[in-house]
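Structural overview
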Amino acid sequence: MKDSLKPLLVFVGLLLFWQGVVAIFDVPSYIVPDPMSVFDRMVRDAPLLWEYTLVTLAEMVMGLVLGVVFGVLMALVLVYFTGLRPWLLPLLLITQAIPVFALAPVLMLWFGYGMASKVIMTVLIIFFPVATCCYDGLRHTHQGWLDLAHTMGAKPWAMLRMIRWPGALPALASGLRVAVVVAPIGAVVGEWVGSSAGLGYLMLQANARLWVDLMFAALTVLAFCSVGLYYLTDYLLRRLIPWQSKTAH
Amino acid sequence: MFDISLRNAGLAYGDNQIFRNLNLTLEGGRWTCLLGGSGVGKTTLLRMIAGLTSGRSIRTQGEVVCGDGLPLQGRIAWMSQEDSLLPWADVMDNVTVGHRLRSRSWFRKKKLDTEVKEQALTVLEQVGIVDKACELPQNLSGGQRQRVALARTLMEDRPVVLMDEPFAAVDAITRLDLQDLSCQLLTDRTVLLITHDPLEALRLGHHVYHLRGKPAELTDAIIPPGQTPRSLDNEKLMMLQGKLLDRLRHSEHDEGSRVHKGDIQ
């Protein structure tokens, strides 16, 4: 069987399981609605869901892009400015030791109820896995390549661009895979704490009004977005770093 | 061609003295082979000559002097046991990596200079894999990868070549082929080849040394008779190989027993 079909099969299986649980245990629809009614709701509220999906997706993607850029820059600084390392590492750890959830209200206060605060939450969450993975990759360049480049009289910039950076890509790719999976946490939690749009906001509103089917509809869309984003990233990374299958796995 | 002298060389990792007061002269334009068991410090010695020993816990003494008075730095090509091919670059890019690493441009030029490209094709032709120029290293066999590494070494076109067991990872037949090829393509260069295979040392070396003990010392040079690469049906070569193998085994046993005694005390 083709590997690309398996996730689809898992999805169908989950749907059947969901339907089965609802039917067998006779769960009332205000606790768990059956898949069909959720689907109905999805179709009925499609314009609304679409609008809010775009908002949340935009937050996630912007957070991802900025988080990756900052993470990579941080890794480069840690590798090349060794004097700064003992100062920066505790700082990096502090940003992770404080739960982002605890920071959320402060971020709302500072950056408002719009997209900015959600993007910043996402950046805070994904910055760390990207920075550490990229740092590890840059630090552990294969010694043979470094020796070779050294005897060839490589310039530092050429060394980074042609040896260390491509050598770090497989490690950075694992960081990116983690980042893509956790990015929705930042966006949705941000929306829960305070927002006027987005899937997280919709879930909160639906929950308050006991529109459980709408809540499940939003949840399903969110799951699709996350899974889609992961597979897209994975596909792109495989295309861009074809040699990692031999070296990293 | 200039000689290279290693004078009173010493190196220690922390308290672990690998060798001290070591003197070795590499005759210009000739192959010097260095034999020794694993862990005796052959590679460390080679790295020291290449200027690759740096680090907080490493202490070095002595100096490396070239016969012509100029520094050795920038005049060596390095070839290690692993081929160290860049997995993301095709054969052509791997062979020309030195040129690109030294270029001053900030971003990669779309095209290599024609002369560089032609030179690369020539060396690839010499090592016999010009048809693989566009392949990625992962699609090559171990022997082909070492050929690319050899081509990359030739491309550097340096008077001194330092080789660290370059043919250890390939099968016996391929190894003989690669030895012949290297011998033919690297004549008239000053080569220091490190190996644990006495036959390889005897086939290729004009001078063969044996590094043994702790701290390591060099034995007197063996000068095998005849032209390199020496053929395998040479009786004298085989006799020397037997003697050297014996000596290698005994020196390893001695070290083993010494360690053992230390354990008991």
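Please refer to the structure placed before this passage.
Quantities reported herein were computed from a predicted structural model and do not represent experimental measurements.

1. Some words on the environment of valine 61 of chain A
Mapped onto the elements, valine 61 of chain A comes out in helix 3 (residues 46–80). As a C-alpha pair, valine 61 of chain A and leucine 204 of chain A span 143 residues in sequence and 22 Å in three-dimensional space.

2. Observations regarding the environment of serine 80 of chain B
Summarising the element assignment, serine 80 of chain B is placed in the loop between strand 5 (76–79) and helix 2 (91–95). Its 22 C-beta neighbours within 10 Å are what place serine 80 of chain B among the buried residues. On a C-alpha basis, the gap between serine 80 of chain B and alanine 149 of chain B in space is 8.8 Å, while along the polypeptide they are 69 residues apart. With sequence-adjacent residues up to four places away left out, serine 80 of chain B is seen in contact with Gly144 and Asp147 of chain A together with Asp164 of chain B.

3. Side note on the sheet that holds strand 6 (residues 160–164) of chain B
Residue and element names in this part refer to chain B. Sheet architecture is open: six strands sit in the order 5-6-7-3-8-9, paired in mixed fashion. The sheet is open, and its two borders are formed by strand 5 and strand 9 (217–218), each paired with just one other strand. Sheet topology places strand 3 (residues 31–35) next to strand 7 (residues 190–195); five bridges connect them, and they run parallel. Note that in strand 7 the partner of leucine 34 across the bridge is isoleucine 194.

4. Here's the deal with the sheet that holds strand 1 (residues 4–13) of chain B
All names here are of chain B. The sheet built from three strands is open, its strands ordered 2-1-4 with antiparallel pairing. Two strands lie at the open edges of the sheet, namely strand 2 (16–26) and strand 4 (58–66), each paired on one side alone. Direction aside, the axes of adjacent strands within the sheet are offset by 5° on average. Pairing geometry for strand 1 and strand 4, over eight bridges, is antiparallel. When the sheet's bridge partners are listed, tyrosine 13 is paired in strand 4 with isoleucine 58. Here helix 1 (residues 42–50) sits on the sheet and contacts strand 1, strand 2 and strand 4; the angle it forms with strand 1, its principal contact strand, is near 120°.

Rules behind the numbers
- Residues numbered from 1 in each chain as written.
- Chains lettered and ligands numbered in written order.
- Predicted model: local features only at pLDDT ≥ 70, side-chain atom pairs only at ≥ 80, totals over all residues.
- Helix = DSSP H or I, 4+ residues; strand = E, 2+ residues; numbered from the N terminus.
- Buried ≥ 20, exposed ≤ 12 C-beta atoms within 10 Å, placed from the backbone.
- Contact = placed C-beta atoms within 7 Å.
- Pairing = 2+ DSSP bridges.
- Axes fitted to C-alpha atoms, helices over the stretch in contact; angles between N-to-C directions.

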